[in-house]
Number of protein chains: 2
Amino acid sequence: MLDQSGLEILSRDECLTLLATGRVGRIVFTAGGLPAVEPVKFVCERGALWFPAQTGTDLLGAAEDGVVAFEADEFDAGLSGGWWVTVLGRAVVAEGCDLPRRRPDLSWPEFAEDAQCVRLPIEVVSGRRVKR
Amino acid sequence: MLDQSGLEILSRDECLTLLATGRVGRIVFTAGGLPAVEPVKFVCERGALWFPAQTGTDLLGAAEDGVVAFEADEFDAGLSGGWWVTVLGRAVVAEGCDLPRRRPDLSWPEFAEDAQCVRLPIEVVSGRRVKR
């Protein structure tokens with residue numbers, strides 16, 4: 001099925017399969033009343049996206065504060081083909097999560113020491129595929 | 001200078017230089033009261049980002065409706081180094097803009113016919129560099 005722009009609409013299953021291959025995405029939130037966006041390295045496990053956020057950052061504040069969006073994408077070198085998936089969900093700080101220790105590579109440099117683990121349940125998911 | 005997460009804060013000039021090398025970014029807006037995000041191919045010219053948006057889409061609606069954010073990034077294969085830049089500005093539909101005709105490659109497939117040109121002035125810009 002195609003959307004208004006002629007792009008292929010991906011099913012929920014297709015989106016989840018693509019998310020499982022993703023390694024970096026962007027968290028979209030509101031900071032000081034304005035739209036904000038920040039890249040994160042993430043894993044997709046147990047019906048949720050998981051990523052670290054450091055104490056005191058806007059990103060962690062957003063994760064404690066309600067609905068956030070997430071986007072991951074991948075395009076070929078010529079940008080004529082590719083896909084993107086967006087997720088909408090209510091993020092929570094996952095207390096006792098061992099992700100920062102288990103996967104220190106998910107933190108950007110110098111980030112790990114004070115990182116908390118955020119869990120974003122995959123509530124609403126949508127995606128598009130661009131074909132050559 | 002480093003931010004709270006230990007990431008290097010980029011100057012405005014560094015951000016603009018990186019944006020000039022970018023080809024794909026993500027527009028962050030609000031649709032139906034919820035955060036939304038959509039990738040676009042863009043050019044950075046004359047102090048603004050320019051991208052096509054098709055008539056009738058949420059993306060074009062957002063561009064007619066106020067402040068939007070934009071993000072572009074690039075990471076090395078191991079995700080241990082890279083950069084991202086975010087822009088905040090008041091988008092407008094640029095009437096009479098020849099971009100959709102001049103650069104049809106900026107549209108995703110089947111997108112070009114009905115595309116309008118959106119101009120996002122680079123008002124607030126910020127960026128980070130991640131070093132190995």
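Residues numbered from 1 in each chain as written. Chains lettered and ligands numbered in written order. Predicted model: local features only at pLDDT ≥ 70, side-chain atom pairs only at ≥ 80, totals over all residues. Heavy atoms only, no water.

### Side note on the pattern of salt bridges
All names here are of chain B.
At step 1: Taken as a whole and judged by the stated rule, the model has 24 salt bridges over all chains.
At step 2: Here Glu45 and Arg46 are joined by a salt bridge, their closest N and O atoms 3.4 Å apart.
At step 3: Its relative accessible area of 26% is what places Glu45 among the partly exposed residues. (Salt bridge = Lys/Arg side-chain N within 4 Å of Asp/Glu carboxyl O. Buried < 20%, exposed > 50% of the residue type's maximum accessible area, 1.4 Å probe, protein only.)

### Re the sheet that holds strand S9 (residues 115–121) of chain B
Either a parallel or an antiparallel arrangement is found when strands of a sheet pair, and the pairing is made through backbone hydrogen bonds.
Residue and element names in this part refer to chain B.
At step 1: Taken together, the 4 strands give an open sheet; going across it, the order is S4-S5-S9-S8, and neighbouring strands pair in antiparallel fashion. Edge positions in the sheet fall to strand S4 (43–45) and strand S8 (92–93), since each has one partner strand and no second.
At step 2: Of the strand pairs in this sheet, S4 and strand S5 (residues 48–54) are connected by 3 bridges, and their pairing is antiparallel. Paired with Glu45 across the bridge in S5 is Ala48. (Pairing = 2+ DSSP bridges. Helix = DSSP H or I, 4+ residues; strand = E, 2+ residues; numbered from the N terminus.)

### Description of the interface of chain A and chain B
At step 1: The partner chain B presents 38 residues to the 38 residues of chain A that form the contact.
At step 2: Summed over the shared surface of chain A and chain B, the number is 4 salt bridges.
At step 3: B:Arg26 serves as the salt-bridge partner of A:Asp73, at 2.8 Å between the closest nitrogen and oxygen.
At step 4: Linking chain A with chain B are 6 residue pairs in polar contact (both at pLDDT 80 or more).
At step 5: Those elements giving two or more residues to the side of chain A that touches chain B turn out to be strand S2 (24–31), strand S3 (34–41), strand S6 (67–75) and strand S7 (82–90) of chain A.
At step 6: Here the residues of the side of chain A that touches chain B sort into 22 nonpolar, 8 polar and 8 charged. (Contact = heavy atoms within 4.5 Å. Polar contact = N/O pair within 3.5 Å; in protein donor to acceptor, adjacent residues only side chain to side chain. Nonpolar A, V, L, I, M, F, W, Y, C, P; charged D, E, K, R; others polar.)

### Observations regarding the relation of the copies chain A and chain B
At step 1: In the superposition of chain A on chain B (RMSD 0.0 Å, axial shift 0.0 Å), the rotation amounts to 180°. On this basis, the relationship between the two copies can be described by a two-fold rotation axis. Within chain A, the C-alpha atom positioned nearest to the axis of rotation is that of A:Val28, 3.6 Å from it.
At step 2: Looking at chain A, 100% of its interface residues are interface residues in chain B too, so the copies touch through the same face. (Least-squares fit on C-alpha atoms with pLDDT ≥ 70 in both.)

### A look at the environment of A:Arg101
At step 1: Residue placement: A:Arg101 occurs in helix H3 (residues 99–102).
At step 2: As a C-alpha pair, A:Arg101 and A:Leu2 span 99 residues in sequence and 42 Å in three-dimensional space.

### Section: the packing of aromatic side chains
At step 1: For the coordinates displayed, the defined rule picks out 8 aromatic pairs over all chains.
At step 2: Seen in terms of ring centroids, A:Trp84 and B:Trp108 are 5.5 Å apart; in terms of plane orientation they differ by 45°. Their pairing is tilted. Pair noted here: A:Trp84 is in strand S7 and B:Trp108 is in the loop between helix H3 (99–102) and S9, and the two residues belong to different chains.
At step 3: An angle of 75° between the planes, with centres 4.9 Å apart, marks the rings of B:Phe42 and B:Phe70 as edge-to-face. Residue B:Phe42 is located in the loop between strand S3 (34–41) and S4, and its partner B:Phe70 is located in strand S6 (residues 67–75); the two are separated by 28 residues in the primary sequence.
At step 4: Members of the aromatic cluster, joined through ring pairs, are A:Phe75, A:Trp84 and B:Trp108. (Phe/Tyr/Trp six-rings, centres within 6.5 Å; stacked < 30°, edge-to-face > 60°.)

### Considering the side chain of A:Thr86
At step 1: In this fold, A:Thr86 is placed in strand S7.
At step 2: Excluding its chain neighbours within four sequence positions, the residues that come into contact with A:Thr86 are A:Phe70, A:Glu71, A:Val124, A:Val125, A:Ser126 and B:Val37.

### Section: the sheet that holds strand S5 (residues 48–54) of chain A
Residue and element names in this part refer to chain A.
At step 1: Strand order in the open sheet formed by 4 strands is S4-S5-S9-S8, and the pairing between neighbours is antiparallel. Single-partner strands in this sheet number two, and they are strand S4 (43–45) and strand S8 (92–93).
At step 2: Bridge count between S5 and strand S9 (residues 115–121): 7 bridges; the pairing is antiparallel. Looking at the pairing, Gln54 lines up with Ala115 of S9.

### Brief notes about the pairing of S5(A)
Residues and elements named next belong to chain A.
At step 1: Of all the 7 residues making up S5, 7 are buried; the element is thus mostly covered by neighbouring parts of the structure.
At step 2: Residues Ala48, Trp50, Pro52 and Gln54 of S5 are buried on one face, and the alternating residues Leu49, Phe51 and Ala53, pointing to the opposite face, are buried as well.
At step 3: The loop that links S4 with its antiparallel partner S5 comprises 2 residues; one of these, Arg46, has a positive phi angle of about 50°.

### What about the pairing of S9(A)?
Two faces belong to every sheet, and in a regular strand the side chains alternate between them.
Residues and elements named next belong to chain A.
At step 1: The element S9 is largely enclosed, with a buried count of 5 among its 7 residues.
At step 2: Judged from the 2 bridges that link them, S8 and S9 form a sheet pairing that is antiparallel. In the strand pairing of S9, Val93 is matched with Val118.

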